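These are the residues of each chain, in order.
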Amino acid sequence: MKFAVIGGTGRIGSQVVRKLTAAGHEAVPAAPSTGVDLITGKGLDRALEGVYVVVNLANSPTFDEASLDFFRTSMHNLLAAGERAGVRHQVVLSIVGVDQVPQLDYYRAKTLQEDLLRQGPTPYSIVRATQFFEFMDAVFADTSDGDTVRLPATRLQPIAAADVVDAVVEVSTGTPLQGIRNVAGPDVFPLDELGRLTLAARHDTRTVVTDDKAGMFAVVTGDVLTAGPDAHLASTHYQDWLQNA
Ligand SMILES: NC(=O)c1ccc[n+]([C@@H]2O[C@H](COP(=O)([O-])OP(=O)(O)OC[C@H]3O[C@@H](n4cnc5c(N)ncnc54)[C@H](OP(=O)(O)O)[C@@H]3O)[C@@H](O)[C@H]2O)c1
């Protein structure tokens, strides 16, 4: 079975290409660096020739309001090209609880991406993952100032990128879900606690100050970003992953 992995040079995409290939599939990475641009449409028709499944793991270059245009245009172009090529399954990687956080531009953009996929002409699957372990350093850096890192106590249930890859491969090689598969890590942490655990494991002497107004996750309340009862829980624990990161 032939797969086009859009964003196949990225963090998740490159691992998905490797895993599909190892399982005996033909998996072709498509990204600007391989001559395929979802925004201009350049190289897209050729990239989808003979493709059965499109796995869309492309990401917007920014997380601000411009991300709405990125996901609108990219989905429009990708769904149209997929229909021309006779693609049978379109898969998108999204975020657990994404439609519950309209205050964040990027989450609104990902919700729009999901909506366009649902309304599109092709059978589809949405994999919603929680925040990647690998994304946490960027979160801490965002509100880091000298000796302190300010973080809210927002409840997160992060997941290892490798476990997200497994979920994406499993869904992409299956029958279209016409719905959502939620995947999450095994443990829930308040974000400030996650920061303390991480700094301690790295022997980083900065102090985490709990600040419910700091950073992008400050707008999130309650359990909207943690897994519901239907979620598939991955096996990698954050603290075990930290030992080897
Ligand atoms: N971070 C999280 O915690 C999290 C949680 C849940 C879901 N997700 C979702 O996971 C997905 C993948 O994230 P990631 O971290 O693997 O992304 P990433 O490492 O930033 O990779 C992004 C990929 O998109 C490609 N790309 C950028 N602009 C493009 C364009 N115009 N046309 C085609 N491809 C383009 C890049 O290609 P080049 O290499 O050529 O630039 C790269 O291959 C995203 O959709 C994100 O929303 C993330």
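As annotated in an unreviewed UniProt entry, the protein carries the name NAD(P)H-binding protein and is attributed to Nocardia amamiensis.

Q: Would you explain the overall build of the protein in this entry?
A: A tally of helices and strands in the protein yields eight helices and twelve strands. For the protein, whose C-alpha radius of gyration is 18 Å, the value lies close to the compact-globule estimate of 18 Å for 245 residues. The C-alpha extent of the protein, read off along each of the three principal axes, is 55 × 35 × 35 Å. Out of the 245 residues belonging to the protein, those deemed buried represent 49%. Relative to all contacts within the protein whose residues are 6 or more apart in sequence, the contacts with residues 24 or more apart total 80%. On the protein, roughly 11,100 Å² of surface is accessible, and the fraction owed to carbon and sulfur atoms is 50%.

Q: Sorry if this is basic, but what is going on with the UniProt feature "domain: NAD(P)-binding" (unreviewed entry) in the protein here?
A: The UniProt entry lists residues 7-170 under the feature "domain: NAD(P)-binding" (unreviewed entry), expressed in the numbering used here. Across residues 7-170, helical content stands at 41% and strand content at 18%; the span's end C-alpha atoms are separated by 18 Å.

Q: Quick question: what am I supposed to make of the sheet that holds strand β11 (residues 207-210) here?
A: Each strand in a sheet pairs with its neighbour through backbone hydrogen bonds, running either in the same direction (parallel) or in the opposite one (antiparallel). Taken in spatial order, the three strands make up an open sheet running β6-β7-β11, and their pairing is mixed. Lying at the two open borders of the sheet, with one neighbouring strand each, are β6 (144-145) and β11. With two bridges connecting them, β6 and strand β7 (residues 148-151) associate as antiparallel partners. Directly across from S144, in β7, lies its bridge partner V149. Strands β7 and β11 of the sheet are contacted by helix α7 (residues 191-201), whose axis makes an angle of about 175° with β11.

Q: Any chance you could explain helix α6 (residues 161-172) here in plain terms?
A: Three- or four-residue spacings in an α-helix give side chains the same orientation, since the helix completes a turn every 3.6 residues. Spanning twelve residues, α6 covers 16 Å between terminal C-alpha atoms, matching the ideal 16 Å at 1.5 Å per step. Taken residue by residue, α6 has A161, D163, V164, V165, A167, V168, V169, V171 and S172 as its buried positions. Lining the buried residues of α6 we find β1 (2-6), α1 (11-22), β3 (53-56), β4 (89-95), β5 (124-129) and β9 (180-184).

What counts, and where the lines are drawn
Residues numbered from 1 in each chain as written. Predicted model: local features only at pLDDT ≥ 70, side-chain atom pairs only at ≥ 80, totals over all residues. Heavy atoms only, no water. Helix = DSSP H or I, 4+ residues; strand = E, 2+ residues; numbered from the N terminus. Rg over C-alpha atoms; globule rule 2.2 N^0.38 Å. Buried < 20%, exposed > 50% of the residue type's maximum accessible area, 1.4 Å probe, protein only. Contact = heavy atoms within 4.5 Å. Areas by Shrake-Rupley, 256 points an atom, 1.4 Å probe, with all protein chains shown as cover. UniProt positions renumbered as here; feature names shortened; annotations may be inferred. Pairing = 2+ DSSP bridges. Axes fitted to C-alpha atoms, helices over the stretch in contact; angles between N-to-C directions. Expected span 1.5 Å × (residues − 1).

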